[in-house]
Amino acid sequence: MRGRFPTVGDRAIGIVLGLVLGIAVILLFLFLGSRNTIDEPSISGATTRTATQPATITGPVTPRPSP
């Protein structure tokens, strides 16, 4: 079997294939790996609202003197 040098077409196919596989891996991680997060991505465009609570401070609070 003879070794052959990669042609421009072979190189272009390799680059395109690498980009497509890289984007596919990122999209899989984005939509399958982050299902239980607050800002879960969705394709449907439906927005889900989350209720936020103000922070509570426990213990005595002393105001800081202004500089």
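Below, the structure is looked at part by part. Quick caveat, the model's predicted, so the values are computed rather than measured.

Section: the overall build of the protein chain
Here comes step 1: Helix and strand content of the protein chain: one helix and zero strands.
Here comes step 2: Total accessible area on the protein chain stands at roughly 7,100 Å², and carbon and sulfur atoms take up 66% of it.

Concerning a nonpolar patch on the surface
Here comes step 1: A cluster of nonpolar side chains, contributed by Ile23, Leu27 and Leu30, occupies part of the molecular surface with about 260 Å² of accessible area.
Here comes step 2: Following the sequence through the fold, Leu27 ends up in helix α1 (residues 8-32).

Some words on α1
Here comes step 1: Taking 1.5 Å per residue as the helical rise, α1 with its 25 residues ought to reach 36 Å, and the 36 Å between its terminal C-alpha atoms agrees with that figure.
Here comes step 2: Burial of α1 is sparse: only zero of the 25 residues sit out of reach of the surface.

Rules of the game
Residues numbered from 1 in each chain as written. Predicted model: local features only at pLDDT ≥ 70, side-chain atom pairs only at ≥ 80, totals over all residues. Heavy atoms only, no water. Helix = DSSP H or I, 4+ residues; strand = E, 2+ residues; numbered from the N terminus. Areas by Shrake-Rupley, 256 points an atom, 1.4 Å probe, with all protein chains shown as cover. Patch = residues over 30% accessible without salt bridge, like charges linked within 9 Å, V, L, I, M, F, W, Y side chains within 5 Å. Salt bridge = Lys/Arg side-chain N within 4 Å of Asp/Glu carboxyl O. Expected span 1.5 Å × (residues − 1). Buried < 20%, exposed > 50% of the residue type's maximum accessible area, 1.4 Å probe, protein only.

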